[in-house]
Amino acid sequence: MRFKSRPAALVAAVSAALAAAATALVAVTLSAGPASADTGTGYLRTSGRNIVDSAGKVVRLTGINWFGMETDNKTFHGLWAGAPATWKGQLDRMASLGFNTLRVPYSGDALKPGAAATGINDFTNPDLVGLSPLQILDKVVAYAGTKGMRVILDRHRPTAAGQTPLWYTATVSEASMIADWQMLAARYAGNPTVIGADLFNEPHAEGTDPNATGACWGCDVQARDWRLAAERIGNAVLQTNPNWLIFVEGVSCLSGGVANVWDNIPDDPMACDWWGGNLSAAIDKPVRLNVANRLVYSPHEYGISVYDRQSWFNDPNFPNNLPAVWDSFWGKIAKQNVAPIMIGEFGSTLANPLDVQWLTKLMAYIGDNGLSFTYWSWNPNSGDTGGIALDDWYSINQTKYNILQPYLNPPTTNPSPTSSASPSPSRSASPSPSVSPSRSASPSPSASPSGNGGCTKLVTITNAWQGGYQAEVKVTNTSTSTISPWTVTWTVPSGVTLTNGWNATVTQSGTTITAAAPSWAQSLAPGNFVTIGFTATGPSSPGPSNVKLNGVTCL
């Protein structure tokens, strides 16, 4: 989940807070950076709101996330694909489309001695077989450099098991995290293709106020204050490699806990945002690094397909209210010339037409303010957003790309991005990847499930914790007829209780959960699929079973 929770009673206060924030920013807003700048030469630095190269020329990073190294595969997903989507072919495709930067999520598990990369097609990628995750990363970095691309490494989670509110766990210490970062900083020292470290992905709140246990910003509690941790970790990285940029994400709620209507605390209606998205306190309480001109703030931002209950999505002025939201949470940092902003993740399936408005407005905001970004994601197997690539890992989602393309700055060696999708290539057999799914990724099976003339299913537990879990139920219409309206049902064990659902109207009766088609996506055409996400209390094993599409059992 990339979202926060906020009591409904606060929604009315949000509009007033946003209006005040927008008004306050008018007097201090600076002119936007240039609309076009390539990836530059040499190592990068910061200069006020801008990222600049070794010659002082403004650089704007317009990149994409390629995930997998943070999962049980311990390497990039899609290496199981057929030609032309070889590992080099996919990088060629990204660069030709105009993505000039690659953000690479990883977990500590991928860096351990003896770590093995899995899910590699030995026919299309024979040169990767037998290599360690780090050796594969070396090859990707080297080849991306020949394309004029830059690379940002992202500590996505402590282990492949899943995302955590804090940057450390009972078994993965902050010291071990620093050691991992220093190893990577030393490994790529002297190679300006790798420009920096996104220190930790999506620190976020846990528990409710006043008993918060999650990541806070500026609370001065050493064990929870992400701002102070970012200073410790960032300075340790710079001690090893002073040439790197340090990318620091926000938190979700400044206190480290979500607002609680029973706590009698007057919670700030703008105190919570997406996981990693809240940098509203960073101007007054900045991250202080020992090497000047290295700090880039990197918030995350998502659309309705990820979580449809953010109060700003229900504002009568949507989507014109959104710039004030972004100003308040992170945009003011660039507008006041404090530091550069690079939006490290943002994405959507665009299944809801309102998300087209959201993404269009966001890209215009990015362009107007000269911001950098890395889109989530290249991967088609991101369960809550989908990807730029389609299921063959080479053809592209033209609707998404058409919105992004005007704001892309192609790598220096690729001056002309292509704007049309290539025909779907033929696919050769690919190996079955070993995937430990996460909140941000649902596994891509090695081959399409066999059909029964009606539907197929793919059930994934995307995250689990003490007393509850998050899951996705993906159903594909394998019949020859459009189903409208569609309804998906599944069975859960006794003791499992639904707490939330998205991408459908999700309800529970006894041990049966029903997902009814939303008003904006009533039809399911032949060959198309729907992915319903939900959270529940109770045990995650055994998982959902007996999945049906309009009463037909799915194989």
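The structure contained in this document is the topic of the report that follows.

### Remarks on the sheet that holds strand β8 (residues 245–248)
Ordered by their spatial adjacency, eight strands build an open sheet running β9-β8-β7-β6-β5-β4-β13-β11, and the pairing between neighbours is parallel. The open sheet has two edge strands with one neighbour each: β9 (295–297) and β11 (342–343). The strands touched by helix α4 (residues 174–187) are β5 (101–107), β6 (150–157) and β7 (194–198); relative to β6, the strand with the most contacts, the crossing angle is about 165 degrees.

### A closer look at the pairing of strand β16 (residues 487–491)
Where β16 and strand β19 (residues 512–516) come together, five bridges link them in antiparallel fashion. Along β19, the bridge assignment pairs Thr491 with Thr512. Pairing of β16 with strand β21 (residues 545–549), which is carried by three bridges, proceeds in the antiparallel orientation. Of the residues in β21, the one forming a bridge with Val488 is Leu549.

### Concerning the pairing of strand β14 (residues 455–465)
Bridge count between β14 and strand β15 (residues 468–477): 10 bridges; the pairing is antiparallel. Counted as the bridge partner of Thr456 is Thr476 from β15. Counting the residues that bridge the hairpin from β14 to β15 gives two residues, and of these Gly467 lies at a positive phi of roughly 90 degrees.

### What about the environment of Asn278?
Tracing the backbone shows Asn278 in the loop between β8 and β9. Note: C-alpha distance between Asn278 and Cys216 (62 residues apart in sequence) is 10.0 Å. Looking at Asn278, its side chain comes within polar contact range of the main-chain oxygen of Ser252, at 3.2 Å.

Rules used throughout
- Residues numbered from 1 in each chain as written.
- Predicted model: local features only at pLDDT ≥ 70, side-chain atom pairs only at ≥ 80, totals over all residues.
- Heavy atoms only, no water.
- Pairing = 2+ DSSP bridges.
- Helix = DSSP H or I, 4+ residues; strand = E, 2+ residues; numbered from the N terminus.
- Contact = heavy atoms within 4.5 Å.
- Axes fitted to C-alpha atoms, helices over the stretch in contact; angles between N-to-C directions.
- Polar contact = N/O pair within 3.5 Å; in protein donor to acceptor, adjacent residues only side chain to side chain.

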